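Listed here are the chains, written in short residue letters.
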Amino acid sequence: MDDQALLRYSRQIMLDQVDIDGQERLLAGHALVVGAGGLGSPVALYLAAAGLGRLTLADADEVELSNLQRQIAHATADLGRNKAESAREAALALNPGCTIQAITEHLDGAALARAVGEADVVLDCTDRFSSRYAINAACRTARVPLVSGAAIRFSGQLAVFDARDPDSPCYACLYPPGGGESEEGDEALSCAESGVVAPLVGLIGSFQALEAIKLVSGAGTPHRGLSTFDGLGGQWRHFRVPRDPACPVCGPS
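This is a predicted model, so every value here is computed, not measured.

Explanation requested: the packing of aromatic side chains in the structure shown.
Aromatic rings considered in pairs are described by the distance between their centres and by the relative angle of their planes. According to the stated counting rule, one finds 6 aromatic pairs in the structure shown. Both rings, one in Phe129 and one in Tyr133, keep their centres 5.9 Å apart while their planes meet at 40 degrees; by these two values the pair is tilted. Of this pair, Phe129 and Tyr133 both sit in helix α7 (residues 129-142), 4 residues apart, which is roughly one turn of that helix. By the burial criterion, Phe129 is buried, and Tyr133 matches it. Seen in terms of ring centroids, Tyr171 and Tyr175 are 5.4 Å apart; in terms of plane orientation they differ by 55 degrees. Their pairing is tilted.

When you look at the pairing of strand β4 (residues 121-124) in this model, what are you seeing that I'm missing?
Because side chains alternate across β4, one face comprises the buried residues Val121 and Leu123, and the other comprises Val122 and Asp124, equally buried. Taken together, the 4 bridges between strand β1 (residues 30-34) and β4 define a ladder with parallel strand orientation. Looking at the pairing, Ala31 lines up with Val121 of β4. One ladder, built from 3 bridges, connects β4 with strand β5 (residues 146-152); its direction is parallel. Residue pairing for β5: Asp124 is matched across the bridge by Ser148. Where the polypeptide runs from β4 across α7 and back to β5, its parallel neighbour, the crossover connection is right-handed.

Sorry, what's going on with the pattern of salt bridges here?
When the charged atoms of two side chains with opposite charge come close together, those side chains can pair. Inspection of the entire model under this criterion finds 8 salt bridges. Taking the shortest distance from any N to any O, the salt bridge between Arg81 and Glu89 comes out at 3.4 Å. Looking at Arg81, the relative accessible area reads 27%, which means it is partly exposed. Residue Lys214 pairs with Glu211 through a salt bridge whose shortest N-O separation is 2.9 Å.

Reading the values: the criteria
Residues numbered from 1 in each chain as written. Predicted model: local features only at pLDDT ≥ 70, side-chain atom pairs only at ≥ 80, totals over all residues. Heavy atoms only, no water. Phe/Tyr/Trp six-rings, centres within 6.5 Å; stacked < 30°, edge-to-face > 60°. Helix = DSSP H or I, 4+ residues; strand = E, 2+ residues; numbered from the N terminus. Buried < 20%, exposed > 50% of the residue type's maximum accessible area, 1.4 Å probe, protein only. Pairing = 2+ DSSP bridges. Right-handed = clockwise from strand over helix to strand, strands pointing away. Salt bridge = Lys/Arg side-chain N within 4 Å of Asp/Glu carboxyl O.

Coordinates in, geometry out; function isn't part of it.
What follows is the structure, given as structure tokens:
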């Protein structure tokens, strides 16, 4: 790090849990962020600001007027632009020292596997179950930690699934495919249909970014289990999530 970098990241470097070594690991790290909307916006901005050296932002959607209430990486001038490109520009404005790639197509199949395999940590900021299951399976195969977030109405949740830990569950342990269950008990639930309060996605996205920073830098202990947040009551709850021995993704083959 040169003098400018030492000054930029000084408030993190002075933390005993990060120090120079942890910041160097961040600068050498690579995060894949799938989804550049409500959750992906704060994730991209905070990871860039914190000095995550390489970011890959993936989103095939375009910025719409209804997004601007909560998707803080985008501005009115970005309407009609691809979200990954818009978020890339916003993150680079914060920290031009980062290397940021925008993937403007839906990640799936071999492309998803390749992108996951190149990353040190993956952050699922999507809102589709098909995407969540595909990302989870790719992370499990590549043994890359997955930080999963979700937010709807006034409710949010976060979980970290680390395939490097033999005791860690995966997303499919928590929500088995075909089980008819979802985070909110409704497969079709979405912000477009049910609404979401603006700061909630910022809170959950920031939580995701924190966990990614811990995983890459080596600071602290990664989150375990499932944390849920009730924005109306202002309460967090934490649940243990055991690994399911019958899980079709991480169970014995």
